[in-house]
Amino acid sequence: MLLCFPCGCNPLAGILHPNCLVMEASLGIQMDEPMAFSPQRDRSQAEGSLKKNEQNFKLAGVKKDIEKLYEAVPQLGNVFKIKDKIGEGTFSSVYLATAQLQVGPEEKIALKHLIPTSHPVRIAAELQCLTVAGGQDNVMGVKYCFRKNDHVVIAMPYLEHESFLDILNSLSFQEVREYMFNLFKALKRIHQFGIVHRDVKPSNFLYNRRLKKYALVDFGLAQGTHDTKIELLKFVQSEAQQERCSQNKSHIITGNKIPLSGPVPKELDQQSTTKASVKRPYTNAQIQIKQGKDGKLMKQSKTVDVLSRKLATKKKAISAKVMNSGVMRKTASSCPASLTCDCYATDKVCSICLSRRQQVAPRAGTPGFRAPEVLTKCPNQTTAIDMWSAGVIFLSLLSGRYPFYKASDDLTALAQIMTIRGSRETIQAAKTFGKSILCSKEVPAQDLRKLCERLRGMDSNTPKLTSDIQGPASHQPAVSEKTDHKASRLTQTPPGQYSGNSFKKGDSNSCGYCFDEYTTNLEGWNEVPDEAYDLLDKLLDLNPASRITAEEALLHPFFKDMSL
Ligand code: ADP
Ligand code: MG
């Protein structure tokens, strides 16, 4: 069946969306000749033409976007030949271009076109992070910046890179070591400048396997530490600050929108997996956030198991609440602090509590990579949040699963962390940063080595691939809202071929390097040293105050023979 992409109308049945007809005509795209429906028609042929059509429409879309970009910023045309679109997020589109910048061969350039509604200070701060901290130690630099009206394009050196998911299971253990080492190098660099990246994840850490080149990109969410050396980060408001600000101003400013209200929270730009919404009642863990009555941590009279009561049929459910422990600032509440209620430490949220102002704290980023202090809205966040995210990447590399956590909201994400790091441990750590978590069920911390080996399909007793997990299945999250909260019960993927050790020639690779991205690589995996799990444990330290820093991580015994 020939389906029209993207609207799905069916030209064979004579149904073609009017817009598609217009598109087809204006773009000169040749749709397949309508033909009588034939049940004998080779299915693969039909699928092939469907794919071709999709590709045609995609190409046409990209072509249009490139034309629009030339129109919006005409000076680009004097310098660059824009070839392709290589990335598209909520806040930018990234293009591959070539340019004859100096004598010699053409250079490849990445052009990042920021959405015109971005806050000017935000744009300038992103650019300053790249210009001041970038260009060395695996931090992406910048070549030029173009602006026409509200359109801004940042021109950076292009780094051809791999898709993390494609190569995850074909990486040798040594490559994983190098990857992490280079990530810490980049993090050390930006942290020295007082930059908190806030969105550390594989798609923001470019990796060229063949050239062994790495680059941390995307400072679109970065914030400054209190002593940041990036001047403009001092003026970048977090979502929380903006919210606080607008809450404070709301009773003063009437009818006027604040013009520089900042970008849409980037958390909308989640990894695609987080968009898959699974209804909360079916999650295996539930948490509610509620502020403490009067801001005081009260003696808990009871802990209510919300889920096991409400969803008696759902086993292994965890429910929890996160509350602020300690005295809350009066201003954080929109209803008088003197108003008391009876719902504290119960599974209900009364109307008095509902009218209290929610606690706001920075929480931009991608849920599966957010540190516990971000998930629990701790207002004092530091560079340690990037180290947690690096830990989640390391967890993916060691377990062969990406994304590791798949949660559609922060509370589920927190419950998922508990299933790996333990509920008691999480509750205890949260206390150190002023949060009280109520959890209906106790879940133990998992042994990281056992967990990773099981997920990777390596049995520690028999150091070879024993299970049926292999590369292409690595896209299945290790912990999702559908899976049992115990990683030991993870669904395993259907049997696949194990084609032996190390690299094989393959025809698809983005860096022109000949290896089979889908071939599970056992090189070094049968003797993962304890140091690896020790480092992982220190990265996934639930307490940000004791979590390992990038500088310390580089000196960790795991990297003993590697030099900066
Ligand atoms: P966004 O804010 O939209 O996430 P990013 O800066 O993360 O924008 O870029 C999006 C994608 O574009 C990246 O994941 C990467 O694939 C590609 N990209 C960005 N910068 C470069 C670059 N300098 N070289 C090659 N590819 C890049
Ligand atoms: Mg990005």
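Reading the values: the criteria
- Residues numbered from 1 in each chain as written.
- Chains lettered and ligands numbered in written order.
- Predicted model: local features only at pLDDT ≥ 70, side-chain atom pairs only at ≥ 80, totals over all residues.
- Heavy atoms only, no water.
- Helix = DSSP H or I, 4+ residues; strand = E, 2+ residues; numbered from the N terminus.
- Buried < 20%, exposed > 50% of the residue type's maximum accessible area, 1.4 Å probe, protein only.
- Contact = heavy atoms within 4.5 Å.
- Salt bridge = Lys/Arg side-chain N within 4 Å of Asp/Glu carboxyl O.
- Donors = N, O, S within 2.8 Å, 3.2 Å for Na, K, Ca; no water.
- Core = buried A, V, L, I, M, F, W, Y, C linked by side-chain atoms within 4.5 Å.
- Pairing = 2+ DSSP bridges.
- Axes fitted to C-alpha atoms, helices over the stretch in contact; angles between N-to-C directions.
- 1 Å grid on protein atoms, 1.4 Å probe; cavity = no way out; pocket = protein on both sides within 12 Å on 5 of 7 lines; lining within 4 Å.
- Points joined across faces, edges and corners; volume = space filled by probe spheres on them.
- Nonpolar A, V, L, I, M, F, W, Y, C, P; charged D, E, K, R; others polar.
- Polar contact = N/O pair within 3.5 Å; in protein donor to acceptor, adjacent residues only side chain to side chain.
- Expected span 1.5 Å × (residues − 1).
- Arc of directions from axis to C-beta.
- pLDDT = per-residue confidence, 0-100.
- Phe/Tyr/Trp six-rings, centres within 6.5 Å; stacked < 30°, edge-to-face > 60°.
- Lys NZ or Arg CZ within 6 Å of the ring centre and 35° of its normal.

1. With respect to the overall build of the protein chain
Part 1 of the argument: The helix and strand tally for the protein chain stands at 17 helices and 14 strands.
Part 2 of the argument: When each of the 564 residues of the protein chain is scored for burial, the buried share is 51%.
Part 3 of the argument: Counting only contacts in the protein chain whose residues sit at least 6 apart along the sequence, the fraction spanning at least 24 positions is 68%.

2. Considering the pattern of salt bridges
Part 1 of the argument: Evaluation of the coordinates by the stated rule reveals 18 salt bridges.
Part 2 of the argument: Between D65 and K85 there is a salt bridge whose closest N-O contact spans 2.6 Å. Within this pair, whereas D65 is found in helix α2 (residues 43-72), its partner K85 is found in strand β1 (residues 80-88), the two being separated by 20 residues in sequence.
Part 3 of the argument: The partner of D534 in a salt bridge is K538, and the shortest N-O contact between them spans 2.6 Å. Residue D534 and its partner K538 are located together in helix α16 (residues 530-539), separated by 4 residues, close to a single helical turn.

3. Section: the coordination of the magnesium ion (ligand 2)
Octahedral metal centres with six donors ideally show angles of 90 or 180 degrees, and tetrahedral centres with four donors ideally show 109.5 degrees.
Part 1 of the argument: Within the protein, the magnesium ion (ligand 2) binds to N204 (OD1) and D218 (OD); these donor distances fall in the range 2.2 Å. A residue pair is termed long-range when its members are at least 10 positions apart, and N204 in the loop between β6 (195-196) and β7 (205-208) and D218 in the loop between β8 (213-216) and β9 (223-224) qualify at 14 residues. Both residues of the pair, N204 and D218, count as buried.

4. Things to note about the nonpolar core
Part 1 of the argument: Core analysis: the largest hydrophobic core is formed by 101 residues, its most contacted members being F184, L187, I195, F394 and F404.
Part 2 of the argument: The contacts of I195, once residues within four sequence positions are left out, are C129, A133, I190, F219, A222, Q223, T228, I230, L233, T383 and D386.
Part 3 of the argument: Core analysis: the next-biggest nonpolar cluster, separate from the first, contains 16 residues, L69, I82, A97 and F146 among them.

5. Considering the sheet that holds strand β2 (residues 92-99)
Part 1 of the argument: The antiparallel open sheet is built from 5 strands, whose spatial order is β1-β2-β3-β5-β4. The open sheet has two edge strands with one neighbour each: β1 and β4 (144-148). The mean angle between the axes of side-by-side strands here comes to 25°, regardless of whether they run parallel or antiparallel.
Part 2 of the argument: Pairing of β2 with strand β3 (residues 107-114) involves 8 bridges; the strand directions are antiparallel. Within β3, the position partnered with A99 by the bridge is E107.
Part 3 of the argument: Sheet contacts for helix α4 (residues 120-133): β3, β4 and β5 (151-157); angle to β5, the most-contacted strand, approximately 15°.

6. Things to note about empty space enclosed by the protein
Part 1 of the argument: Throughout the structure, instances matching the rule amount to 3 cavities of 30 Å³ or more.
Part 2 of the argument: In this structure, the largest cavity encloses a volume near 60 Å³.
Part 3 of the argument: Contributing to the lining of the largest cavity are R198, D199, V200, A364, G365, T366, F369, R370, A371, V374, I385 and S389.
Part 4 of the argument: A breakdown of the residues in the lining of the largest cavity according to their chemical character gives 6 nonpolar, 3 polar and 3 charged.

7. Notes on the environment of V142
Part 1 of the argument: The residue V142 is located in the loop between α4 and β4 in this model.
Part 2 of the argument: With 14 residues separating them in the primary sequence, V142 and M156 have C-alpha atoms 4.5 Å apart.

8. Concerning the side chain of K112
Part 1 of the argument: You can see K112 is positioned in strand β3.
Part 2 of the argument: Within the structure, K112 has its side chain in polar contact with the side chain of E126 (distance 2.8 Å).
Part 3 of the argument: Once residues within four sequence positions are removed from consideration, K112 is found in contact with S92, S93, V94, E126, V152, V153, I154, M156 and D218.

9. Quick look at α4
Part 1 of the argument: Taking 1.5 Å of rise per residue, the 14 residues of α4 would be expected to cover 20 Å, and the 20 Å separating its terminal C-alpha atoms lies within 8% of that figure.
Part 2 of the argument: Taken together, the buried positions of α4 are R122, I123, A125, E126, C129, L130 and A133. Mapping the buried residues of α4 onto a view down its axis gives an arc of 165°, with all of them on the same face.
Part 3 of the argument: Taken from the residues just after α4, G135 is the one with a positive phi, measuring 90°.

10. Things to note about the environment of R424
Part 1 of the argument: Its place among the elements puts R424 in helix α14 (residues 423-432).
Part 2 of the argument: Expressed as a C-alpha distance, the spacing of R424 and C439, which sit 15 residues apart in the sequence, is 8.7 Å.

11. Considering the environment of H119
Part 1 of the argument: By the element assignment, H119 lies in the loop between β3 and α4.
Part 2 of the argument: You can call H119 buried: its relative accessible area is 15%.
Part 3 of the argument: Along the chain, H119 and V236 lie 117 residues apart, while their C-alpha atoms are 9.2 Å from each other.

12. A word on the confidence of the model for the protein chain
Part 1 of the argument: Residues of the protein chain with pLDDT of at least 70 account for 65%, and the chain-wide mean is 75.
Part 2 of the argument: The low-confidence segment residues 1-39, where pLDDT is below 50, has 49 contacts with residues more than four positions distant or belonging to other chains.
Part 3 of the argument: Low pLDDT (under 50) marks residues 248-316, which in the prediction has 160 contacts with non-local residues, meaning those over four places away or in another chain.

13. Quick word on unusual backbone geometry
Part 1 of the argument: The omega torsion of the bond from Y402 to P403 falls at -5°, within 30 degrees of zero and hence cis.
Part 2 of the argument: In this fold, P403 is placed in the loop between α12 (384-399) and β12 (405-406).
Part 3 of the argument: Despite not being glycine, R198 has its phi angle at roughly 75°, a positive value.
Part 4 of the argument: With respect to the element layout, R198 can be found in the loop between β6 and β7.

14. Looking at helix α15 (residues 448-456)
Part 1 of the argument: For α15, the full list of buried residues reads L448, L451, C452, E453, L455 and R456.
Part 2 of the argument: The inward-facing, buried residues of α15 abut α12, α13 (410-421) and α16.
Part 3 of the argument: G457 lies just past α15 and shows a positive phi near 90°.

15. A word on the packing of aromatic side chains
Part 1 of the argument: All told, the structure shown has 16 aromatic pairs when counted by the stated rule.
Part 2 of the argument: On the basis of an interplanar angle of 70° and a centroid distance of 5.9 Å, the ring pair of F184 and F559 is categorised as edge-to-face. Here F184, found in helix α6 (residues 173-192), pairs with F559, found in the segment after α17 (550-554); they are 375 residues apart in sequence, far enough to count as distant. Across the pair, exposure class does not vary: F184 and F559 are buried alike.
Part 3 of the argument: Where F205 meets Y214, the ring centres are 5.8 Å apart and the plane angle is 20°; that geometry is what we call stacked. Each of the two residues, F205 as well as Y214, counts as buried.
Part 4 of the argument: Through a chain of ring-to-ring contacts, three or more aromatic side chains come together here, namely F173, F181, F184, F394, W525, F558 and F559.
Part 5 of the argument: Directly above the aromatic system of W525 lies the positively charged group of R456, at a separation of 3.6 Å from the ring centroid.

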